[in-house]
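Remarks on the overall topology
Chain by chain, the residues:
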Amino acid sequence: MNPCQKKGNDMNIYLDIETIPNQSPTAYADILAAVQADFKAPSGMTKEQFAADLGISDPSEIKYTSATTLKARWEQEMAASKSAEIAEQEYRKTALNGGYGEIFCIGFAIDEDEVQVIRGENEAETLQLFFDVIKPKSRIPLFIGHNLTAFDLRFLWQRAVINKIKPSIPSFKNMPRDMIFDTMTEWAGYGN
């Protein structure tokens, strides 16, 4: 018996998804506009750091200029040069959010079969192909993978809802614990 096998499950589905940032044509531009409109200095920056970034080296000018004034000047001057960098970081983070990122491909193996990688013409097709292949029928699936609960299954479910695809599995929130073997939580426990 497989060490991951749980009582009552008779179909192991080893699963991993690969995600990409939001593919909307205006995604990056929208994030850049939002960053520029609300550009803020990173928390924890000191008065001395603001002065150094602004090229102010005169100790008396630094001493007699308030931190608030230096911060405002820093934000005004750095907005143009740093906004693109911050927007790029924010854009890339959308790959980790099921509300914005997209599934690029789904890798899985059922029982001892070879690994399959599904990549449709678009995300909706990728999801539909995957759900069609793993339809449990009369077998009870056990999903096995790393960080399934907090990422893969949640992301799959969210993208299915957004793409109006009916999943062939229960919602990750309603999925019985005996249908998931998450190597991350098995190793570190919940919340760790």
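Definitions and limits used
Residues numbered from 1 in each chain as written. Predicted model: local features only at pLDDT ≥ 70, side-chain atom pairs only at ≥ 80, totals over all residues. Heavy atoms only, no water. Helix = DSSP H or I, 4+ residues; strand = E, 2+ residues; numbered from the N terminus. Buried < 20%, exposed > 50% of the residue type's maximum accessible area, 1.4 Å probe, protein only. Contact = heavy atoms within 4.5 Å. Axes fitted to C-alpha atoms, helices over the stretch in contact; angles between N-to-C directions. Parallel < 35°, antiparallel > 145°, perpendicular 65-115°, else oblique. Left-handed = near helix turned anticlockwise from the far one by under 90°. Nonpolar A, V, L, I, M, F, W, Y, C, P; charged D, E, K, R; others polar.

Another aspect to go through is the environment of G98. Within the fold, G98 resides in the loop between α4 (67–93) and β2 (102–110). Look at G98 and you get buried, because its relative accessible area is 3%. Considering only alpha carbons, one finds G98 and L156, 58 residues apart in sequence, at a separation of 7.6 Å. In this structure G98 touches F155, Q158, R159 and I162, once residues within four positions along its chain are discounted.

Interhelical geometry of helix α2 (residues 47–54) versus α4 gives an angle of 40 degrees and a closest axis separation of 9 Å. Between α2 and α4, the crossing angle belongs to the class labelled oblique. The handedness of the crossing between α2 and α4 is left-handed. Contact with α2, carried on its side by K47, F50, A51, D53 and L54, involves A67, L70, K71, R73, W74, E77 and M78 of α4 and no other residues of that element. Taken together, the residues that form the contact of α2 with α4 break down as seven nonpolar, no polar and five charged.

A word on the packing of helix α5 (residues 123–133) against helix α6 (residues 148–162). For the pair α5 and α6, the least separation of the axes is 10 Å and the interaxial angle reads 120 degrees. The angle between α5 and α6 places the two elements in the oblique class. The interaxial crossing formed by α5 with α6 has left-handed handedness. Contacts from E123, L127, F130 and F131 of α5 reach α6 at L156, R159 and A160. Here the residues of the contact of α5 with α6 are counted per class, giving five nonpolar, no polar and two charged.

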